[in-house]
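Tertiary structure, described
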Amino acid sequence: MFCKAGRIRRLGAILTFALLGAATSSGSRAADVVVPGRTDFPESMTATRDGTLYFSSMAGGRVFRAQPGATEASEWLHAGAGGLSSVLGVLADERSNTLYACSVDMSWAGITVPSGSTPTSLKLFDLATGTLKASFQLPASPIAGQAPLCNDIAVANDGTAFVTDSLSGYILRLRPGANALEVWARDERWNTKGPQLDGIAVLDDGSVYVNLFEGDGLFRVARQSDGSAGKVTKLATSRPLYHSDGLRAAGPNTLLMVEGETKGTLDLITIQDDSATVQTIRGGLEGPVSLAQVGNTIYVLDVPLKYLFEPQFKAQTPPPYRAIAVPQPR
């Protein structure tokens, strides 16, 4: 039996979803969306309020787009556009009419893309035209011989963009009008071997939340009045997290997150002080890597990356890449 406080938190989360769905109901969709081909391996997705979906291409160096109502995406930014290499995180920010994209040199992983070995960068494209607006190279990693890895992006209400560097253990910041990315936050718990910092989101209180891909961790980084990083808190989750990936804000104190191939879940996370209640909304996914919400539908990008990285699967044909439509909880 749930305690009274637990019932109140759960009710608050449900009300948050109901309000969010009502505010954007014009973009509601119900059909799954397929990303064509078998060699691109989409790693991230994002959406605009009208229901347009955007997908990155880790192995193809391009960006796909699905117009509202479409059941299949098509190429929007061609391979190598604006110097794109492997494309990981993408985020559509309608306030600035910008698609943010993480362009990563992944030649070390055996991935060859049209632009070849180019510096790992955060690239900004015009949402209306697809024109490259700016490109910002990531700072050098503090780890000798280690290249940075731009993974995902979140944008605060003041227009500041935050980026996870998974291999350097940094949260980077790009302030409006700035001409370079800067290191905003770091923590020794993010500096362990292998990819760590992954998904990132900003909630209404201005705090930045990040999860860990390898390891169990959901962290909150407070933003101080001058915009600098404050206290870093590891939240006490109601259960351990495993292969946490895409992270998106869903309400004033709620997050949506996916957990990767071993777990294969879409989760709703409700934050209360320094605790986080994790509720699985959908299980049985083969390889969820990202998500986006449009009205009362949550799209989960299901792409098992083992077909790209694990030798025993590389010779096999992966299943179709799909953004699976999941109804929001009510």
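The structure this text deals with has already been given above.
I will try to describe carefully the structure that is included in this document. Everything quoted here is computed from the prediction, not taken from an experiment. (Residues numbered from 1 in each chain as written. Predicted model: local features only at pLDDT ≥ 70, side-chain atom pairs only at ≥ 80, totals over all residues. Heavy atoms only, no water.)

As for the sheet that holds strand β11 (residues 161–165)
- Strands sit in the order β10-β11-β12-β13 across an open sheet of four strands; the sheet is antiparallel. At either end of the open sheet lies a strand with only one pairing partner, and these are β10 (150–155) and β13 (182–186). Strand-to-strand twist across the sheet, computed as the mean angle between neighbouring axes with direction ignored, equals 30 degrees.
- Sheet topology places strand β12 (residues 170–174) next to β13; four bridges connect them, and they run antiparallel. Looking at β13, one finds that I171 is bridged to A185. (Pairing = 2+ DSSP bridges. Helix = DSSP H or I, 4+ residues; strand = E, 2+ residues; numbered from the N terminus. Axes fitted to C-alpha atoms, helices over the stretch in contact; angles between N-to-C directions.)

Overview of the side chain of D187
- Here D187 shows up in the loop between β13 and β14 (197–202).
- Here R189 takes part through its side chain, which lies 2.8 Å from a polar atom of the side chain of D187.
- Excluding anything up to four places from it in sequence, D187 contacts G169 and V232. (Polar contact = N/O pair within 3.5 Å; in protein donor to acceptor, adjacent residues only side chain to side chain. Contact = heavy atoms within 4.5 Å.)

Focus: the sheet that holds strand β5 (residues 74–77)
- The four strands lie next to each other as β2-β3-β4-β5, forming an open sheet whose pairing is antiparallel. A strand with exactly one partner marks an edge of an open sheet, and here the two such strands are β2 (45–47) and β5. The average undirected angle you get between the axes of adjacent strands in this sheet is 35 degrees.
- Relative to strand β3 (residues 53–56), β2 runs antiparallel, the two being bridged by three bridges. Residue A47 lies in a different strand from β3, and its bridge partner there is L53.

Some details on the nonpolar core
- In terms of nonpolar packing, the biggest core is built from 50 residues, with L53, F55 and L122 touching the most fellow members.
- Counting 16 residues, the second largest nonpolar core, distinct from the first, contains V202, V210, L212 and V232. (Core = buried A, V, L, I, M, F, W, Y, C linked by side-chain atoms within 4.5 Å. Buried < 20%, exposed > 50% of the residue type's maximum accessible area, 1.4 Å probe, protein only.)

Some thoughts on the environment of L256
- Within the element layout of this structure, L256 appears in strand β20 (residues 254–259).
- By relative accessible area, which is 1% here, L256 ends up buried.
- For L256 and I281, which are 25 residues apart along the polypeptide, the C-alpha to C-alpha distance reads 9.5 Å.

Examining the pattern of salt bridges
- In total, this model carries twelve salt bridges according to the counting rule given.
- A salt bridge links D93 to R95, with the shortest nitrogen-to-oxygen separation between them at 3.2 Å.
- Exposure remark for D93: the relative accessible area of 7% places this residue in the buried category.
- R95 gets classed as exposed once you look at its relative accessible area, which sits at 54%.
- The shortest N-O distance in the salt bridge between D187 and R189 comes to 2.8 Å.
- We classify D187 as buried; its relative accessible area is 13%.
- When salt bridges with common partners are traced through the structure, they connect D40, R62 and E75 into a single cluster. (Salt bridge = Lys/Arg side-chain N within 4 Å of Asp/Glu carboxyl O.)

Considering the state of the cysteines
- Scanning all chains against the criterion turns up one disulfide.
- Here C102 connects covalently by a disulfide to C150, the sulfurs 2.0 Å from one another. For the disulfide bridge between C102 and C150, the dihedral angle about the S-S bond is near -55 degrees, and by the sign convention the bridge is left-handed. Linking C102 in strand β7 (residues 98–104) with C150 in strand β10, this pair joins segments that are 48 residues apart in sequence. A single burial state applies to C102 and to C150, both of which are buried. (Disulfide = S-S within 2.5 Å.)

The quantities given are spatial measurements derived from coordinates; they are silent on function.
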